[in-house]
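# Survey of secondary and tertiary structure
Next come the chains, spelled out residue by residue.
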Amino acid sequence: MISVEAAWQAYAEAVPVLPEETLPLQQARGRVLAQALHSRIDLPPFAQSAMDGYALRSADLTGASNSTPVTLECLQFIAAQRQEQQTALAAGHCARIFTGAMIPPGADAVVMQEKTIVEGSRLQFNAPVTPGNNIRQQGEEARAGHELCAAGQRIDSAVIAAASFVGVDQVRCIRGPKVAVLVTGDELVAPGQVLRPGEVYECNGAFLHAWLAERGVSAQVSVVADQREALAQALSSALADADLVVITGGASVGERDYAREVAASLGVEEKFWRVAQKPGKPLAFGMAGAKPVLILPGNPAAVFVCAWLHLVPVLRLLQGLRPGAPIFSRGRVEFELAAAPSRDRFLRVCWFVDAQGQACLRALPRQASHMLSNVIQANALLRVPAGQAQAIGQQAAFLPLATSDLAAR
């Protein structure tokens, strides 16, 4: 039996990054950049007006004051649009200009419209202006070739906005993982059917399919009978098509727990079996060549916990995200808990921020591995190290549960 940290290290050492591909920018949301993203242009690409006003030569307003105003002739109108030809601004003239429009040659400042007195085509200015006033200089944000995003960055709406802003329409990214989920159990019945004695409704496949979809990962779910031949056929097919195979059930030591045996017969090299955690101890991890295989317990709460602690790291590593291990926060516990000697416990809890801005953790009932109803309220996993009790007010590590768990930032 290994620690949770040792399991995370095993994933980091064994799980490869998936191949790269080039995608149109709008189709790459949720992927991870395989190459750094660079600006194709200067930002801004040309000198722009920072506001609605009048472009002029700052030298023309030298000495302007309320007692000695300067009057300039306005003969140009410059909107924020394509400029086929620019007319140079002559001395003694100004140009009506709008936010984002190109500064005309000869102009070196913009005066906001509220600070002028307009009399037909002539404008009166009562104060001098410094060169560069209200002008966004070409390249002041970034020069062409500047790195906007490093490789390994998740492509989200912010990345898409920045890439579009610099003219990027395609990106080199890591291919999205294809996941096969094999749910084992002769007792499993699809929701909606009438239960017969000894049967239960199947939820592990439903949970994993939805959980993966929330993270932009497609999954093919199959329910497999508790038979060696059936599982071998399903696993062989899954290994041929998927990048990652997840099996629920069959990882323990019962007479009908065939998953590890069947995986080994198909060439899956087992890296470890059993993790010092509760729930989720009978978890196995192996590699079929470059393809990870995770064999999870069958109890639904154990599958829920293992998804956050083990499936997240494997998915992150496949997609080129580092680190793979989940990142825990600290919060104040609002309940007591006796010590358990041999394994770290991961409790489904509710975390919130109190009036003082401190993270707090509230207990939820029904923590057994076969119980699932509290996951509706749970938004965190509290980690209680083996041999440690938990007292009210004590600080403890917790893992916030959110769809952003795979994010790179």
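Details of the structure are given in the entry above.
Residues numbered from 1 in each chain as written. Predicted model: local features only at pLDDT ≥ 70, side-chain atom pairs only at ≥ 80, totals over all residues. Heavy atoms only, no water.

### Let's talk about the overall build of the protein
- Scanning the protein from N- to C-terminus turns up 6 helices and 26 strands.
- Taken over the C-alpha trace, the protein has a radius of gyration of 31 Å; the compact-globule value for 409 residues is 22 Å, which it surpasses by more than 25%.
- Taking the principal axes of its C-alpha atoms as reference, the protein extends roughly 100 × 50 × 45 Å.
- Relative to its 409 residues, the protein shows a buried fraction of 45%.
- Within the structure as shown, the protein displays about 19,400 Å² of accessible surface, and the carbon and sulfur contribution to it stands at 51%.
- Of the charged side chains in the protein, 35 are positive and 36 negative; the average position of the first set lies 3 Å away from that of the second. (Helix = DSSP H or I, 4+ residues; strand = E, 2+ residues; numbered from the N terminus. Rg over C-alpha atoms; globule rule 2.2 N^0.38 Å. Buried < 20%, exposed > 50% of the residue type's maximum accessible area, 1.4 Å probe, protein only. Areas by Shrake-Rupley, 256 points an atom, 1.4 Å probe, with all protein chains shown as cover. Lys, Arg positive; Asp, Glu negative; His and termini not counted. Charge placed at Lys NZ, Arg CZ, Asp CG, Glu CD.)

### Observations concerning the pattern of salt bridges
- Within this structure, the stated rule accounts for 16 salt bridges.
- Glu 270 is paired through a salt bridge with Arg 260; the nearest N and O atoms lie 2.9 Å apart. Within this pair, whereas Glu 270 is found in strand β18 (residues 269–273), its partner Arg 260 is found in helix α5 (residues 259–265), the two being separated by 10 residues in sequence.
- In this structure Glu 270 comes out as partly exposed when scored by relative accessible area, which is 37%. (Salt bridge = Lys/Arg side-chain N within 4 Å of Asp/Glu carboxyl O.)

### So, unusual backbone geometry
- Here the residue pair Leu 43 and Pro 44 is connected by a cis peptide bond, since its omega of -10° sits within 30 degrees of zero.
- A cis amide bond links Lys 278 with the next residue in sequence, Pro 279, at an omega value of 0°.
- Within the element layout of this structure, Pro 279 appears in the loop between β19 (277–278) and β20 (284–288).
- For Asn 134, which is not glycine, the phi dihedral falls at a positive 60°.
- The residue Asn 134 is located in the loop between β9 (122–125) and β10 (135–136) in this model.

### Overview of the packing of aromatic side chains
- All chains considered together, the criterion is met by 10 aromatic pairs.
- Considering the side-chain rings of Trp 8 and Phe 328, the 6.2 Å spacing of their centres and the 40° angle between planes classify their relative orientation as tilted. Taken together, the residues span a long stretch of sequence, with Trp 8 in helix α1 (residues 4–14) and Phe 328 in the loop between α6 (300–318) and β22 (329–333) at a distance of 320 residues.
- For Trp 8, a relative accessible area of 10% puts it in the buried group.
- Judged by relative accessible area, which is 23%, Phe 328 ranks as partly exposed.
- Ring centres of Phe 272 and Phe 285 lie 5.6 Å apart, and the angle between their planes is 40°; on these two criteria the pair is classed as tilted. Within this pair, whereas Phe 272 is found in strand β18, its partner Phe 285 is found in strand β20, the two being separated by 13 residues in sequence. (Phe/Tyr/Trp six-rings, centres within 6.5 Å; stacked < 30°, edge-to-face > 60°.)

### Re α6
- Of all the bends in α6, the greatest measures close to 45° and is centred on Ala 307.
- Of all 19 residues in α6, 19 are buried; the element is thus mostly enclosed.
- Downstream of α6 by a residue or two, Gly 320 has a phi angle that is positive, lying close to 80°. (Bend = angle between axes of the 7 residues up to and from the residue.)

### A word on the sheet that holds β20
- If you walk across this open sheet you meet the 6 strands as β16-β13-β17-β21-β20-β18, and the pairing is mixed. If you trace the sheet from one side to the other, it starts and ends with β16 (218–224) and β18, each paired once. On average, adjacent strands in this sheet sit at an angle of 20° to one another, irrespective of strand direction.
- When strand β17 (residues 244–248) meets strand β21 (residues 291–296), the two strands line up parallel, connected through 4 bridges. Each bridged residue has a counterpart across the sheet, and for Thr 248 the counterpart in β21 is Leu 296.
- Against the sheet, helix α4 (residues 228–241) touches β13 (178–184), β16, β17, β20 and β21, its axis set at about 170° to β13. (Pairing = 2+ DSSP bridges. Axes fitted to C-alpha atoms, helices over the stretch in contact; angles between N-to-C directions. Contact = heavy atoms within 4.5 Å.)

### Some details on the nonpolar core
- Of all hydrophobic cores here, the largest spans 46 residues; its most connected members are Tyr 11, Val 179, Leu 212 and Leu 311.
- Put simply, the parts of the chain that give this core at least two residues each are α1, β13, α3 (204–213), β17, β20, β21 and α6.
- With 13 residues, the top contributor of residues to this core is α6.
- Residues contacting Leu 212, with those up to four places away along its chain left out, are Val 179, Val 181, Val 217, Ala 219, Leu 311 and Leu 315.
- Among the nonpolar cores identified, the runner-up in size contains 21 residues, and Leu 235, Ala 238, Tyr 258 and Ala 288 belong to it. (Core = buried A, V, L, I, M, F, W, Y, C linked by side-chain atoms within 4.5 Å.)

### Some remarks on the sheet that holds strand β4 (residues 53–56)
- The 6 strands lie next to each other as β7-β4-β6-β5-β9-β8, forming an open sheet whose pairing is mixed. Each having just a single partner strand, β7 (109–112) and β8 (116–119) make up the two edges of the open sheet. Recorded for the sheet is a direction-independent mean angle of 35° between the axes of neighbouring strands.
- As judged from the 4 bridges shared by strand β5 (residues 70–78) and β9, these two strands associate in the antiparallel manner. Its bridge partner lying in β9, Thr 71 is registered against Gln 124.

### Quick look at α3
- Burial in α3 covers these residues: Asn 204, Gly 205, Leu 208, Trp 211 and Leu 212. Projected down its long axis, α3 carries its buried residues within an arc of 135°, all on one side.
- The secondary structure elements touched by the buried residues of α3 are β13, β16, β17 and α6. (Arc of directions from axis to C-beta.)

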